[in-house]
Every structure is written in structure tokens, then in C-alpha cells.
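Descriptive structure summary
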Amino acid sequence: MPYQDLRAFLTALKNAGELVEIARPVSPKYDIAKALAKTSAIQGPALMFTQTGTAFPLVGGVYGNRRLALMAFEATEQTIHEKVLKGINNPIAPVDFKGAPPCQDVVLTDDAIDVTKLPVPIYSPKDGGPYITAGIVVSENPETGIPDIGNYRFQIHGPKELGVFSAPNHRFGKNIAHATEMGKELRGAIVIGVDPLTMYSGQVQSSDSTNDWFTSGGLRGSPVELAKAVTNDMKVPAWAEIVIEFTVDTRTQKMEGPLGEYTGYYTPASPKPVARITAITHRKNAIFQGLLTGKPITENHVLKQIPFETSILRQLQAQFPTITDVSINSSGGVQIYVVIAMKPRYEGEARHAILAAMAGNLHPKWVIVVDPDIDIRNSAEVEWAQSFRVKPSQDVFIVDRTATAPLDPYTDGGYSSSVGIDATRPFGEEFPDVSEVPDWKDFPLPELDGLSRK
Ligand SMILES: Cc1cc2nc3c(=O)[nH]c(=O)nc-3n(C[C@H](O)[C@H](O)[C@H](O)COP(=O)(O)O)c2cc1C
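Residues numbered from 1 in each chain as written. Predicted model: local features only at pLDDT ≥ 70, side-chain atom pairs only at ≥ 80, totals over all residues. Heavy atoms only, no water.

With mixed pairing, the five strands of this open sheet are ordered in space as β19-β20-β21-β23-β22. Looking at which strands have only one partner, the edges of the open sheet turn out to be β19 (323-328) and β22 (396-403). The average undirected angle you get between the axes of adjacent strands in this sheet is 20°. In this structure, β22 lies alongside strand β23 (residues 415-423), joined through seven bridges in antiparallel fashion. Within β23, the residue paired with Val-396 across the bridge is Ile-421. Helix-sheet contacts for helix α9 (residues 349-359) involve β19, β20 (337-342), β21 (366-370), β22 and β23, and the interaxial angle to β23 is about 150°. (Pairing = 2+ DSSP bridges. Helix = DSSP H or I, 4+ residues; strand = E, 2+ residues; numbered from the N terminus. Axes fitted to C-alpha atoms, helices over the stretch in contact; angles between N-to-C directions. Contact = heavy atoms within 4.5 Å.)

Moving on, we come to the site of the ligand. Residues in contact with the ligand amount to 18 residues; listed here are only the nearest, Asn-151, Tyr-152, Ala-167, His-170 and Arg-171. Taking Arg-153, its main chain carries an N or O atom lying 2.8 Å from an oxygen atom of the ligand. Arg-171 has a polar backbone atom sitting 2.7 Å from an oxygen atom of the ligand. When isolated, the ligand has an accessible area of 640 Å², and the protein chains bury 94% of it. Taken atom by atom, the bulk of the ligand overlaps the largest pocket. Elements that contribute at least two residues to the shell around the ligand include exactly β8 (147-151) and α8 (299-319). (Near = heavy atom within 4 Å. Polar contact = N/O pair within 3.5 Å; in protein donor to acceptor, adjacent residues only side chain to side chain. Areas by Shrake-Rupley, 256 points an atom, 1.4 Å probe, with all protein chains shown as cover. 1 Å grid on protein atoms, 1.4 Å probe; cavity = no way out; pocket = protein on both sides within 12 Å on 5 of 7 lines; lining within 4 Å. Sits in = over half its atoms within 2 Å of the grid points.)

In terms of domain boundaries, the protein chain breaks down into domain 1 (6-299) and domain 2 (320-423). Domain 1 and domain 2 are separated by 30 Å when their C-alpha centres are compared. Between domain 1 and domain 2, the residue contacts involve 14 residues of the former and 11 residues of the latter. In total, about 1000 Å² of surface goes out of reach between domain 1 and domain 2, with carbon and sulfur atoms giving 63% of it. Where domain 1 packs against domain 2, one counts zero salt bridges. Across the contact surface, domain 1 and domain 2 share three residue pairs in polar contact (both at pLDDT 80 or more). (Domains from an automatic or database assignment. Buried area = accessible area lost by both parts, 1.4 Å probe. Salt bridge = Lys/Arg side-chain N within 4 Å of Asp/Glu carboxyl O.)

On to empty space enclosed by the protein, then. Inspection of every chain in the model, using the stated rule, returns two cavities of 30 Å³ or more. If you add up the space inside the largest cavity, you get close to 80 Å³. Forming the walls of the largest cavity are Gln-4, Val-194, Asp-195, Arg-220, Pro-223, Val-224, Glu-225, Pro-237, Ala-238, Trp-239 and Ala-240. A breakdown of the residues in the lining of the largest cavity according to their chemical character gives seven nonpolar, one polar and three charged. Looking at the second largest cavity, its volume works out to about 40 Å³. Taken together, Leu-36, Thr-39, Ser-40, Gly-44, Pro-45, Gly-61, Gly-64, Asn-65, Leu-292 and Glu-299 make up the lining of the second largest cavity. Among the elements that make up the lining of the second largest cavity, the one with the highest residue count is helix α2 (residues 31-41) (three residues). Classifying every residue of the lining of the second largest cavity gives three nonpolar, six polar and one charged. (Points joined across faces, edges and corners; volume = space filled by probe spheres on them. Nonpolar A, V, L, I, M, F, W, Y, C, P; charged D, E, K, R; others polar.)

As a volume, the largest pocket reaches approximately 900 Å³. Around the largest pocket sit 45 residues that line it, and Asn-151, His-170, Gln-203, Gln-205 and Phe-308 are the ones nearest its centre. Where the lining of the largest pocket is concerned, the elements lending two or more residues are β8, α5 (171-181), α7 (212-220) and α8. Top contributing element to the lining of the largest pocket by residue count: α8, with six residues.

As C-alpha cells, then:
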């Protein structure tokens with residue numbers, strides 16, 4: 001059975017020595033961020049802060065490193081992509097929660113709404129204010145009603161008001177634009193503290209017609225239990241710790257930002273719509289969740305990498321079945337730098353695969369295709385392919401005026417450009433054999449046992 005809720009996963013982390021309690025008082029202004037940065041730097045455990053100066057404890061670092069990610073998926077490096085692929089390919093419909101949902105143990109509406117009572121951290125010194133970074137947003141296409149979930153940042157403007165940022169190519173942003181066009185207000189909910197696979201499912205790249213709850217169910221291998229929100233008709237995960245229901249007001253624009261973002265740079269402040277909070281509901285003894293974002297590698301990158309790699313691999317393989325693997329590394333924010341392993345079937349196919357990846361929703365700046373003998377998660381191997389399997393004048397090309405990756409600090413407004421590198425061996429031509437000592441791995445050499453200096 002999958003973890004039913006965040007609490008079940010925290011218990012598993014604690015039992016494995018992967019959750020450490022910090023029982024002394026901490027300030028949401030930098031203490032929490034510093035502690036999360038520190039545990040992230042040592043690939044350490046998740047941290048539970050019990051003295052936050054509010055009524056709520058805060059847990060952070062739950063998605064802090066690859067080891068914790070594999071625990072969340074109950075997978076190993078060998079099984080992870082197959083497991084995620086199986087989940088995406090076998091969606092499971094959500095079910096309605098029977099009875100009173102735990103996420104609505106406490107319901108706060110009207111004058112009782114005050115989001116500043118939550119321990120929302122400030123992460124980086126130049127941030128415009130406290131930010132909710134670990135929330136998944138539920139919103140619906142205003143015409144079809146198809147629900148979407150994804151992570152989105154929210155700045156605290158006041159007790160009942162939040163700043164909203166969604167890139168125009170993300171579904172929450174598309175839903176806001178669509179509703180505005182129809183003269184409607186978009187309703188939504190920020191869901192904080194869910195079971196880990198529901199959280200990861202928000203990062204699976206799928207078509208706009210996908211009902212994301214089905215993907216969550218598929219990844220979990222069991223349906224997500226949903227409950228009706230209090231002030232709108234949307235459904236939210238019944239076992240969530242905290243739910244903030246809102247409507248987006250696009251007529252009122254307020255300065256949102258800066259925020260130290262996944263690119264490793266601050267995104268400047270600019271006028272953006274506001275979310276007006278219509279209700280806050282939470283469980284008894286609710287746990288708030290923090291999530292570190294900023295210069296790679298942070299939780300933001302860990303959370304994206306597994307779902308992005310598997311779903312982009314799946315999308316590309318539909319057209320190019322000889323693609324064997326895709327790596328979207330953290331240094332490029334899990335977005336800008338994509339490496340594809342592929343055995344081209346005809347001349348020029350590698351270039352087409354590059355163009356398809358460039359045209360996908362990640363908007364990468366670098367797409368490199370290598371032969372399947374290259375370990376695409378080893379940058380030295382990729383550099384080796386680029387060094388000796390590339391004639392720059394014919395294998396490297398630039399596509400100009402591509403749409404920029406959201407928040408890339410160095411672009412021409414909404415436009416960018418993308419570099420394609422075909423680092424596969426020249427198609428159909430003789431190419432030198434790789435010179436490698438054969439079978440050295442199996443050569444018995446007990447004198448070296450235990451002497452690895454890696
Ligand atoms: C921690 C975290 C925070 C994110 N914040 C934002 C954000 O504020 N705005 C945005 O457009 N995308 C943000 N993203 C990226 C989207 O959540 C992600 O691309 C998602 O797949 C969008 O999916 P959708 O288009 O199906 O909603 C964030 C991702 C993570 C992991």
C-alpha cells in the first residue's frame with residue numbers, strides 16, 4: 001500500500017533515521033532556510049521544527065535528496081523509471097472520501113482567515129516576503145472542468161491575500177488566462193502536506209486534457225481520496241494537512257517577488273494577480289511544510305527530476321522508439337539541459353529528436369543526443385561524446401526565437417534560443433572502435449579490495 005498521507009511517510013522516514021526533530025525555537029526568517037540548506041548540502045535527513053513561533057510545526061527537506069525520493073517511490077535506482085512509467089501508463093480514478101475529511105477538521109472562513117498564522121518561511125535575503133513553496137495547486141479548466149495539479153509559489157501579501165505566479169505555459173497559468181478571457185474568476189486551492197506520490201504526480205508532464213488525479217492514483221497504485229472544498233466545487237485530497245481555498249483576482253495586480261528561484265537566481269518583482277483566500281481548512285495538529293528552492297540542488301530539483309525524466313522519455317519514445325533514456329540534470333534547473341540516449345534509425349533522426357525535445361513544454365536551451373553506450377548521467381561521458389563524436393560545423397545548430405524557459409534570467413523577453421548537439425556517431429559511416437580494456441571489472445584482484453578512493 002502507498003503512504004496514505006504525509007504523516008505515514010514521516011513515520012517511515014523517522015523509523016529509517018531520515019527525520020530529525022529540532023525542538024528549540026527557530027525563526028521563519030532564515031533559520032528554517034539555513035537548516036534546510038545545511039541538511040541539503042550533506043544529503044541529510046528531513047527536519048521537523050516543533051517550535052516555529054506559531055501553533056503549527058513545520059517539516060522540510062522531505063524531498064531533499066535522491067535517497068528520500070527513492071523511499072517515497074519505494075523503488076531503487078534500477079526500478080525507479082519503470083515504476084513511474086507503469087504508474088503513468090495505468091491511471092487510477094480518484095474516489096470520494098466517505099465521511100468528514102480530515103483536511104477539514106478545522107474550517108476557517110470570513111474573519112477567521114489569517115494565513116499569517118502559518119509558519120511560512122522567508123528563504124533568501126532578497127525575497128519579497130514569506131513564500132509558500134510546498135503547495136500543490138488544484139485548478140480546473142474553466143470550460144471543460146478538467147482538474148490540474150502542480151506546484152506553484154505563493155507570496156504572503158496579507159492575512160487573506162497571496163501573490164500568484166504561474167508561467168503562461170503551465171496549466172494553472174493557462175487556466176487563469178482562459179477564465180479571464182471568459183470573464184470568469186478562477187477558483188483554486190493550495191494543498192499543503194500530502195502523501196509523497198500525490199506530490200510527485202504534480203510534476204508529471206502530461207497533456208492539458210489529463211485529469212491529474214488519475215495520474216496521482218496511477219503513481220500511488222491506489223486511488224486518491226478526494227473531498228469537496230468548503231467554498232468552491234473543487235475536490236482536494238482528503239488527507240492533506242492544510243488547504244487554502246482561493247479565487248484569482250486578475251484585475252488587481254500587486255508586486256510579487258523577488259524570490260530566489262530554481263535557476264539559482266532571484267526573479268525580479270513585477271505586478272502579478274492576487275489570490276483572495278476564501279477559506280483555510282486543516283487537520284487537527286496540522287503540520288505545515290517548507291520546501292527549499294534556490295541554487296541547484298534543492299528540494300525543488302529533486303521533486304521535478306524523476307517525474308520529468310520519465311514523462312519526457314515517454315513522450316519522446318512515442319515518436320522515436322529507439323530513444324533509451326533521457327537525463328534532465330539539476331545543474332540546468334531540471335529544465336535547461338537535456339541529454340538523450342538514442343540509436344538513430346536513419347540519417348537526421350537524432351536532429352528530429354532534438355527538435356521534438358526543444359518543442360516540448362520544458363523549453364530547454366541545450367539538447368544533446370548521444371549513442372546508447374554513453375552514460376547520460378555521467379557528465380564526463382557526455383563531454384567525451386561531445387568531444388569526439390561531433391563535427392561542430394555540421395552537428396551543432398541553433399534554433400532562434402524559441403519560447404524561453406520560465407524564469408531563465410538571461411533571455412530576450414519571452415524569446416530564447418536553443419542549441420542542438422548531435423553527438424551520435426556519424427550515421428552509416430565507419431567510426432573507430434572504442435578502446436577499452438575488456439572484462440576488467442571481473443578481473444580478480446583481491447589486493448585492491450576495500451581500496452576504492454571514489
Ligand atoms: C517546488 C516547485 C515550485 C514551483 N513553482 C512554480 C511556480 O511558482 N510557477 C510555475 O509556473 N511553475 C512552478 N513550478 C513548476 C510546475 O509545478 C511544473 O512545471 C508543473 O509540472 C506544471 O505542471 P502543469 O502545467 O501540469 O500545472 C514549480 C515546481 C516545483 C517543484
